Amino acid sequence: MALPNLSHADLEKLKIFINFVSENPTVLNLPQLQFVKEFVEKFGGKVPPGEFKMPAGAAGGKCPFGGDAGTANDGASGMNVDESEESDLEESEPESEVELNMEGVIEADFEADQPMGDSNKTPSEEEIDQASDLRSQAAAAYSEQKFEEAIDLYTKAIELNPGNALFHAKRGQAFLKLKKPNACIRDCDKALELNCDSAAAYKFRGRAHRLLGNWEKAAKDLRQACKLDFDEEADEWLREVTPNAKKIEQHRIKQERKRAELESKKAQRRARAHAKERQKQQQQQPQGPPKGFNPEFLSALNDKDFQEILADIAKNPANIEKHKNNPKFAKLQSMAKQLGMDNVFNMFGGLGGAAAGFGAGTGAATGAGAGAGSAGAAPTADEPKPEPKKREFVDDGLD
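Notes on the structure in this doc start here. None of the values given here were measured: they were computed from a predicted structure.

### Let's talk about helix H9 (residues 215–228)
With 14 residues, H9 extends 20 Å from end C-alpha to end C-alpha; this agrees with the ideal 20 Å at 1.5 Å per step. Listed in full, the buried residues belonging to H9 are Trp 215, Ala 218, Ala 219, Asp 221, Leu 222, Ala 225 and Cys 226. Considering only its buried residues, H9 is in contact with helix H8 (199–212) and helix H10 (232–284).

Below, the structure is given as structure tokens:
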């Protein structure tokens, strides 16, 4: 079994952990350190009983090796560190309740939908007149507080002329008197579908939302009603719902800001965890030059004498025989074999191109080696061997 690949940082952490356990042996009674306790006892050691308590001066109840003292570690609870920290963040930002004035709020009505008439019907002039008369009768019944009767009359008028938005809005008003806000909202929705500028529909729907405790919707509808056709009653209703509507709006903005801050903190935690994991992976990667290029070998390859030998052999591979007894050459050959190569030239792709390969592969061949690399392979038997160039005389002026 191969030894675990522990970086220097990992060993330092292990050293800190061992020192801490030596001073506080009861820490091994924590559930997350059960495996360490079993290891100690396997070799005859004994962990003293007792509950572990953080020594005085320890900050935040944290053990130096990570984790909360006296509690199971995050892995044991099925939650990783990031999830635990995010859970702490969420618990630290509870949703506060808004204190509202709920006076006048009633229970919602759940009766079946009321008749809305045939939307595709085109009423005749006679039907329009009849519907107008029914509307007058409904208004009279409403003024006498006969709200059920008013609703029946408005329903008949709607069946004759279903495209009249005011009929729907006024029937909705009568439903309000019977404490049926949902029925009112259905009628006002229909009225606004027929006429999007119906101030009466916005007014009565706003009042219905107020009775249901839908403060923001109530404020929005009543504000629009006053904008289309200012009405003192609508304005009074608007002032009644505005305090609660503002509290809800401010609460929502506050909670949205908290959620945004929470998400930002979570993102920062995740980024730090990612950076820590990446750093850990980098520390675990093997360090130093790759196999075959240790410092001593590189230094020998850069030796000037060896470069001259390499250049000579590159001209004619047969010249290797005259260099076999050279101590530097023999030393490099020995190093190459220890590194798993038959001879030092294997790394350069063959004897014929040794100097060229050396220069391209390591960047070490300079001077004589680089010159030899440009010389190319040795001449064949059919080609005349090139004459060595004579050194040109240069007058140095000393005489």
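### Some remarks on the packing of aromatic side chains
Tallied over the full model, the rule gives 2 aromatic pairs. Pairing Tyr 142 with Phe 147 gives two aromatic rings, centres 5.3 Å apart and planes at 65 degrees, and the pair type is edge-to-face. Here Tyr 142 falls in the buried class, since its relative accessible area comes to 19%. Sitting over the face of the ring of Trp 237, Lys 203 holds its NZ or CZ atom 5.5 Å from the ring centroid.

### A short note on the pattern of salt bridges
Applying the stated rule across the entire model yields 15 salt bridges. The salt bridge involving Arg 207 is made with Glu 240; its shortest N-O contact spans 3.3 Å. Of this pair, Arg 207 sits in helix H8 while Glu 240 sits in helix H10, placing them 33 residues apart in sequence. Look at Glu 240 and you get partly exposed, because its relative accessible area is 35%.

### Some words on the nonpolar core
Among the nonpolar cores identified, the biggest contains 32 residues, and Leu 176, Cys 184 and Ala 201 are the most heavily contacted of them. Taken together, the elements giving at least two residues each to this core come down to helix H4 (125–143), helix H5 (147–160), helix H6 (165–177), helix H7 (181–194) and H8. In terms of residue count, H5 provides more of this core than any other element does, 8 residues in total. Beyond its immediate sequence surroundings of up to four residues, Ala 201 is in contact with Ala 169, Cys 188, Ala 191 and Leu 192. Within the second largest apolar cluster, 10 residues are counted, among which are Phe 17, Leu 30, Leu 33 and Val 36.

### Some thoughts on the packing of H4 against H5
Helix-helix packing is characterised by the crossing angle of the two axes and by the distance between the axes. Put simply, H4 and H5 touch, their axes get as near as 8 Å, and they point 170 degrees apart. It follows from the interaxial angle that H4 and H5 lie roughly antiparallel. For H4 against H5, the interelement crossing comes out left-handed. Seen from H4, the contacting residues are Glu 127, Gln 130, Ala 131, Leu 134, Arg 135, Gln 137, Ala 138, Ala 139, Ala 141 and Tyr 142; seen from H5, they are Phe 147, Glu 149, Ala 150, Leu 153, Tyr 154, Lys 156, Ala 157 and Leu 160. Tallied by class, residues from the contact of H4 with H5 come to 12 nonpolar, 2 polar and 4 charged.

Definitions and limits used
Starting afresh in each chain, residues are numbered from 1 along the sequence in its written order. Local features in a predicted model are, by the rule used here, given only for residues with pLDDT of at least 70; side-chain atom pairs are given and counted only at 80 or more, and totals for whole chains, interfaces and linings are based on all residues. Where side-chain values are given, they derive from all heavy atoms of the structure, hydrogens and water being excluded. Segments assigned H or I by DSSP are reported as helices when at least four residues long, segments assigned E as strands when at least two residues long, and all are numbered from the N terminus. Multiplying 1.5 Å by the residue count of a helix minus one yields the expected span of that helix. Only protein chains enter the accessibility calculation, which uses a 1.4 Å probe; a residue whose area is less than 20% of its type maximum is buried, one above 50% is exposed, and one in between is partly exposed. We call two residues in contact when some of their heavy atoms are within 4.5 Å. Stacked, tilted and edge-to-face are the three classes assigned to paired rings of Phe, Tyr and Trp, where Trp is represented by its six-membered ring and a pair needs centres within 6.5 Å; plane angles under 30 degrees give stacked, over 60 edge-to-face, the rest tilted. Two conditions define a charge sitting above a ring: the NZ of Lys or the CZ of Arg must be within 6 Å of the ring centre, and it must be within 35 degrees of the ring normal. Whenever a carboxyl oxygen of Asp or Glu lies within 4 Å of a side-chain nitrogen of Lys or Arg, that contact is scored as a salt bridge. Remark: nonpolar core denotes a set of buried residues (Ala, Val, Leu, Ile, Met, Phe, Trp, Tyr, Cys) joined through side-chain atoms within 4.5 Å. To obtain an axis, a line is fitted to C-alpha atoms, over the contacting stretch when the element is a helix, and the angle between two such axes runs from 0 to 180 degrees between their N-to-C directions. These descriptions rest on fixed angle ranges, namely under 35 degrees for roughly parallel, over 145 for roughly antiparallel, 65 to 115 for roughly perpendicular, and the rest for oblique. Take the far helix as your reference; a near helix turned counterclockwise from it by less than a right angle gives a left-handed crossing, and one turned clockwise gives a right-handed crossing. Here the term charged refers only to Asp, Glu, Lys and Arg, the term nonpolar to Ala, Val, Leu, Ile, Met, Phe, Trp, Tyr, Cys and Pro, and the term polar to all other amino acids, Gly among them.

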